[in-house]
Every structure is written in structure tokens, then in C-alpha cells.
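Take a look at the letters that make up each chain.
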Amino acid sequence: MMLLQCEHVTRKYQKSAGSFTAVRQVDFCVHSGDFISIIGKSGSGKSTLLNMAAGLLRPTSGKILFEGNDLAAMDARAMAHLRNSRLGYIPQGLSLLANLNALDNVRLPHFLQKHEGNGVSRAQELLEQVGLRGKENSYPAELSGGEVKRVAIARALMNEPLLLLADEPTGDIDVETTQGIMDLFSTICRDGTAILMATHDLDNVGYGNRLFQMSSGSLTEEKLSEKGRL
Ligand SMILES: Nc1ncnc2c1ncn2[C@@H]1O[C@H](COP(=O)(O)OP(=O)(O)OP(=O)(O)O)[C@@H](O)[C@H]1O
Ligand SMILES: [Mg+2]
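An account of the accompanying structure is given in this report.

Rules used in this analysis
Residues numbered from 1 in each chain as written. Chains lettered and ligands numbered in written order. Predicted model: local features only at pLDDT ≥ 70, side-chain atom pairs only at ≥ 80, totals over all residues. Near = placed C-beta within 6 Å. Helix = DSSP H or I, 4+ residues; strand = E, 2+ residues; numbered from the N terminus. Nonpolar A, V, L, I, M, F, W, Y, C, P; charged D, E, K, R; others polar. Contact = placed C-beta atoms within 7 Å. Pairing = 2+ DSSP bridges. Axes fitted to C-alpha atoms, helices over the stretch in contact; angles between N-to-C directions. Parallel < 35°, antiparallel > 145°, perpendicular 65-115°, else oblique. Left-handed = near helix turned anticlockwise from the far one by under 90°. Buried ≥ 20, exposed ≤ 12 C-beta atoms within 10 Å, placed from the backbone.

### Some details on the site of ligand 1
Here is step 1 of the chain: For ligand 1, the full set of nearby residues is Tyr13, Phe20, Ala22, Gly40, Ser42, Gly43, Ser44, Gly45, Lys46, Ser47, Thr48 and Gln92.
Here is step 2 of the chain: Sorting the residues of the shell around ligand 1 by element identifies β2 (18-31) and α1 (46-53) as the ones contributing at least two each.
Here is step 3 of the chain: The element contributing the most residues to the shell around ligand 1 is α1, with 3 residues.
Here is step 4 of the chain: Looking at side-chain class alone, the shell around ligand 1 contains 3 nonpolar, 8 polar and 1 charged residues.

Written out as C-alpha cells, the structure is:
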């Protein structure tokens, strides 16, 4: 099943010196079952592309469809519903709410979606899966950079998204914990969540089934060898 479809997607930023093209005529699709890595130099446009896929940024031209629906045609309510119920997003930067503890940050999407129950046991389970058992009551200021990132990962998985958009999910995280997170991603992918991940960590690429390279805003698909290495 086709989940995300990008058609000739371009994003320009206005700068004092004129306009700058961060994403250039990008065409690709994500199907259910996909675990896609996007690699590419800093500044090549990966986050810009993921922000557009998450509906947080509009393309200057081109179209993005989710399950066949044009994001640009959705009203705020439909977009909020999509973001809370179908998509999980792990942004590159810090994104936790400072005045909520780790457990409540993870539970937040649950409340936004008005699910039954209070979400406590699922949030606890997710925190355990990202290696944060015992940190439920810690506030973001009391967590390390990698721990904050892992809370954001748990939060993105709270509502069992169809598509997980992960921007540098293992930046700031040690090798062992990174492997744990990639194993978790492999499991959730098998269980029905497609993954689109931007990463600088080449070891992560081997966990996926497809690989894209972003270069000066252009996206090309690369072959993955059988071992998943470049
Ligand atoms: N709001 C903005 N206004 C102007 N230029 C921007 C804006 N956001 C990003 N850019 C520029 O667009 C280009 C792509 O940025 P983007 O964040 O998408 O890169 P990236 O591939 O995610 O990099 P990194 O690997 O460092 O995260 C960069 O040159 C950046 O300076
Ligand atoms: Mg980025």
C-alpha cells in the first residue's frame, strides 16, 4: 500500500541575496513495510523534506500525498488528525515540553487523540523499550541530550503511527543504545509502521530496506547490497 507520495517537490527559502532551493524536484514514494534511510551532507535538505512530509512546511511547488490525500488541500483539523493518528515525527531538534515529565511527554499524543484510558502503561512500556525505565518522572531539564531524544522517539510511537518520520533519531546517542533503537525500529516496521529516517549514522542504513542520498536538494535512490551496506 502506498503511504506517502512526493511529486516534483521543491522548497525554496527567501534569503536577502535572493532565493535558495533547499529541496529540488523530489519524487519518491513510501510504501507500507518500507524502512528507508536518507543520507546526505549537512545542509543538503533532509530536514526540510521531512518537515514537508510531516505537513509542517509547505512545498513551494509540487505535491505531497498521504494515503492519496493532498496535504495542501487538508484543513487544520484534518491535518491535526493525520499528525496525531497516522504519523509519528521525531524532529531533529529538541521538542519535549519542559513542564511535563518524561511519562507525560510520551502520553501527550494519546490525549490529543482522545483515546480511551490514560495511556500510562503504554507510555511506560515505550520508555522501557528505549531504555528509560526509571526516568518516568524526570523533566527534560533533568535528562541528558540522548535521553531527551529517546523520550521523543517513545512519544512518536505512542499512537502506533502508519508512518514514522525520524530526523536523526540516534544523534547524541551511544553505539549500544543506537543498536537498541534500530532493533526497535525494525520490530515496529515488521508490525506495520513504515519508517522514513534521515541519518548521518551509516551503520543505521543496514537496518532499512531502501536507501536514498540527498545532495544539494536532489534525492536519488541508491542500491543496498545484500548485507545492507553501501
Ligand atoms: N527557515 C529557513 N530559512 C532559510 N534557509 C533555511 C531554512 N531552513 C533551512 N534552510 C537552509 O536549507 C538548507 C537545507 O537545510 P536542512 O535543515 O534541510 O538540511 P539537512 O540536510 O537536514 O542538514 P543537517 O544534516 O545538518 O540536519 C540549508 O542550507 C539551510 O541553511
Ligand atoms: Mg537536518
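### So, the environment of Lys149
Here is step 1 of the chain: When you line up the elements, Lys149 lands in helix α5 (residues 145-157).
Here is step 2 of the chain: Between the alpha carbons of Lys149 and Leu96 there is a distance of 8.7 Å; along the sequence they are 53 residues apart.
Here is step 3 of the chain: Contact partners of Lys149, with chain neighbours within four places excluded, come to Pro169, Gly171, Asp172 and Ile173.

### Observations concerning the sheet that holds strand β10 (residues 218-222)
Here is step 1 of the chain: Taken in spatial order, the 6 strands line up as β6-β7-β8-β3-β9-β10 in an open sheet, and their pairing is mixed. The open sheet has two free edges, formed respectively by β6 (87-90) and β10, since each of these has just one partner strand. In this sheet, neighbouring strand axes are inclined to one another by 15° on average, regardless of whether the strands run parallel or antiparallel.
Here is step 2 of the chain: Examined bridge by bridge, strand β3 (residues 35-39) and strand β8 (residues 194-198) share 4 bridges and lie parallel to one another. Each residue of the ladder has a partner; that of Ser37, found in β8, is Met197.
Here is step 3 of the chain: Docked against the sheet, α5 engages β6 and β7 (163-167), running at close to 170° with respect to β6.

### Description of the packing of helix α3 (residues 102-112) against helix α4 (residues 120-129)
Here is step 1 of the chain: Running from amino to carboxyl end, α3 crosses α4 at an angle of 115°, the nearest separation of the two axes being 9 Å. When the axes of α3 and α4 are compared, the pair comes out roughly perpendicular. Seen from above, α3 lies across α4 with right-handed handedness. Taken together, the residues of α4 that come into contact with α3 (itself represented by Ala102, Leu103, Val106 and Arg107) are Val120, Ala123, Gln124, Leu126 and Leu127.
Here is step 2 of the chain: When its residues are assigned to classes, the contact of α3 with α4 shows 7 nonpolar, 1 polar and 1 charged.

### Overview of unusual backbone geometry
Here is step 1 of the chain: You will see that His8, though not glycine, has its phi angle at about 50°, which is positive.
Here is step 2 of the chain: Looking at the element boundaries, His8 is found in strand β1 (residues 2-15).
Here is step 3 of the chain: Taking the number of C-beta atoms within 10 Å as the measure of exposure, His8 has 12 and is therefore exposed.

### A word on the pairing of strand β4 (residues 61-66)
Here is step 1 of the chain: Sheet topology places β1 next to β4; 5 bridges connect them, and they run antiparallel. Note that in β4 the partner of Glu7 across the bridge is Lys63.
Here is step 2 of the chain: Two elements, β4 and strand β5 (residues 69-70), share 2 bridges in a ladder whose sense is antiparallel. The residue of β5 that forms the bridge with Phe66 is Asn69.
Here is step 3 of the chain: What sits between β4 and β5 in their antiparallel hairpin is a turn of 2 residues, with Glu67 showing a positive phi close to 45°.

Read these as spatial facts, not as claims about activity.
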